[in-house]
Amino acid sequence: MYLKWQRKNFEDDIDFILFHQQDDIPAWWRKPLFKQYPELNYEYCYKLTQQDRFEYIRKKMSEIAENRKTEIDSAVKKFEQNWSAISDRINDIYTAVFCENCEIILNDMQALVGLNPVCPRNLSENSFSVYYKDSDRDVIETVLHEITHFVWFYFWQKYFNDDYEEYDHPHLKWLVSEIVVETIIRNSELIDLISSDTKYIAYSYFYGMGINGEQLFDTMKKLFMKRKNMKDFMLSSYKYCKENEKELREKIQAAEN
Ligand SMILES: [Zn+2]
């Protein structure tokens, strides 16, 4: 496994930060930024037009980026060091879980450390973001969450040969992937790399979510445990989400607003 750690450039960082501060984005996505940066005033921000809000956030975040350069650089070094202690095991574990050689996908990845507490990924560039202030433990969880997405989609594409655009929000294939990261990590050796008392591997609102009369993750675990192989689990988890899509989306919408 080769994961290159570096600082995320400010323009890319602010682009995605602002993406979540558009007028029609639910509070669940908007608020983490304001929680992490008390310098930003949420009430004030949402009295502004979108354009003025973007200018206000950009200006503040650029000052923050400037002032915290040293802190961010030392976070990059620390995360890299922590990661190097377990990176040798990653390829073998994913290869065992997926029953496929994962080297090709795992040998060229980038972790971009930046200011955004919401961590996006870029599938076409094999890169994902990490928040510089996250704890060592949160960072390992984020990395495993993201790597699981990359490996999942790599083989999904190989098996089903569909359109990469469907792997993004708000498509169902994207939603399935956000759910299965919990199931795959929690029920494989990957959990040993973090800790079994880890609360959230996927979005927090999935935990405790009842779908069709049963806890979402209980159903997913059952499907995972009886899989013949990972392709089989991809089909069964997708089928389940498709059948319950209406209820799933209604509950997500209620949780995000
Ligand atoms: Zn995710």
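Once a new chain begins, its residue numbering starts again from 1 and follows that chain's sequence as written. Where local features are concerned, this predicted model is filtered to residues with pLDDT of at least 70; where side-chain atom pairs are given and counted, the filter is 80 or more; whole-chain, interface and lining totals use all residues.

Caption draft 1: Main features of the overall build of the protein chain. Strands here are runs of E lasting at least two residues and helices are runs of H or I lasting at least four, both read from the DSSP assignment and numbered beginning at the N terminus. Counting secondary structure elements, the protein chain contains twelve helices and six strands. The C-alpha atoms of the protein chain give 19 Å as radius of gyration, which agrees with the globular expectation for 257 residues (18 Å, within 12%). Its C-alpha atoms give the protein chain principal-axis dimensions of roughly 50 × 40 × 35 Å. Each of the 257 residues in the protein chain was classed as buried or not, and the buried ones make up 29%. Long-range contacts, defined here as pairs at least 24 residues apart, represent 66% of the contacts in the protein chain between residues at least 6 apart. Note that the radius of gyration is over C-alpha atoms, with the globule rule given as 2.2 Å times the number of residues to the power 0.38. Each residue is classed by its C-beta neighbour count within 10 Å, where at least 20 other C-beta atoms makes it buried, 12 or fewer makes it exposed, and intermediate counts make it partly exposed; the C-beta atoms are placed from backbone geometry. Residues are treated as contacting if the C-beta atoms built from their backbones sit within 7 Å of each other.

Caption draft 2: Main features of the nonpolar core. To count as a nonpolar core, a set of buried Ala, Val, Leu, Ile, Met, Phe, Trp, Tyr and Cys residues must be joined through C-beta atoms within 7 Å. Formed by 55 residues in total, the largest nonpolar core has its most connected members in Leu 106, Ala 111, Val 113, Val 130, Val 151, Ile 179 and Val 180. Top contributing element to this core by residue count: helix 8 (residues 136-160), with nine residues. Ignoring sequence-local partners within four residues, the contact set of Val 180 consists of Trp 152, Met 220 and Ser 237.

Caption draft 3: Helix 8, seen in detail. Under the convention used throughout, the expected extent of a helix is 1.5 Å for every residue step, that is, one less than its residue count. In this model, helix 8 (25 residues) spans 36 Å end to end at C-alpha, consistent with the 36 Å of a helix rising 1.5 Å per residue. Of the residues one or two after helix 8, Asn 161 is the one with positive phi, at around 50 degrees.

Caption draft 4: Examining the sheet that holds strand 2 (residues 109-114) more closely. The mixed open sheet is built from four strands, whose spatial order is 1-2-4-3. Looking along the sheet, the strands with just one partner apiece sit at the ends: strand 1 (3-7) and strand 3 (121-122). Note on pairing: two strands pair once DSSP finds at least 2 bridges between them. Pairing analysis gives five bridges linking strand 2 to strand 4 (residues 127-131), with the strands arranged parallel. Paired with Val 113 across the two strands is Val 130, which belongs to strand 4. Between the N-to-C directions of two axes lies an angle of 0 to 180 degrees, each axis being a line fitted to C-alpha atoms and, for a helix, fitted only over the stretch in contact. Helix 5 (residues 69-84) rests against strand 1, strand 2 and strand 4 of the sheet, and its axis sits at about 165 degrees to strand 1.

Caption draft 5: Representation of the environment of Glu 166. Position of Glu 166 among the secondary structure elements: in the loop between helix 8 and helix 9 (172-186). Look at Glu 166 and you get partly exposed, because 13 C-beta atoms sit within 10 Å. For Glu 166, the contacting residues outside a window of four places in its chain are His 171 and Lys 173.

Caption draft 6: Main features of the packing of helix 5 against helix 8. At a closest axis distance of 10 Å, the pairing of helix 5 and helix 8 adopts a crossing angle of 65 degrees. Considering the angle they form, helix 5 stands roughly perpendicular to helix 8. Considering only the axes of helix 5 and helix 8, their crossing is right-handed. On helix 8, the residues that touch Phe 79, Asn 82 and Trp 83 of helix 5 are Asp 136, Val 139, Ile 140 and Val 143. Throughout, the term roughly parallel applies to angles under 35 degrees, roughly antiparallel to angles over 145, roughly perpendicular to angles from 65 to 115, and oblique to all others. Left-handed describes a crossing whose near helix is turned anticlockwise from the far helix by less than a right angle; the clockwise case is right-handed.

Caption draft 7: How the structure looks around unusual backbone geometry. Cis geometry is found at the peptide bond from His 169 to Pro 170, where omega equals 5 degrees. For Asn 161, which is not glycine, the phi torsion reads 50 degrees and is therefore positive. Along the chain, Asn 161 falls in the loop between helix 8 and helix 9. Overall, the presence of 7 C-beta atoms within 10 Å leaves Asn 161 in the exposed class. Positioned with a positive phi, Asn 212 is a non-glycine residue whose angle comes to about 55 degrees. On the secondary structure map, Asn 212 appears in the loop between strand 5 (210-211) and strand 6 (214-215).

Caption draft 8: Spatial organisation of the packing of helix 9 against helix 11 (residues 230-243). Following both chains from N to C, one finds helix 9 and helix 11 inclined at 115 degrees, their axes separated by 10 Å at the closest point. Regarding the angle of helix 9 to helix 11, the classification is roughly perpendicular. The handedness of the crossing between helix 9 and helix 11 comes out as right-handed. On helix 11, the residues that touch Leu 172, Leu 175, Val 176, Ile 179 and Val 180 of helix 9 are Ser 237, Tyr 238, Cys 241 and Lys 242. By the convention adopted, Pro, Cys, Tyr, Trp, Phe, Met, Ile, Leu, Val and Ala count as nonpolar, Lys, Arg, Asp and Glu as charged, and the other residues, Gly among them, as polar. Partitioning the contact of helix 9 with helix 11 into residue classes produces seven nonpolar, one polar and one charged.

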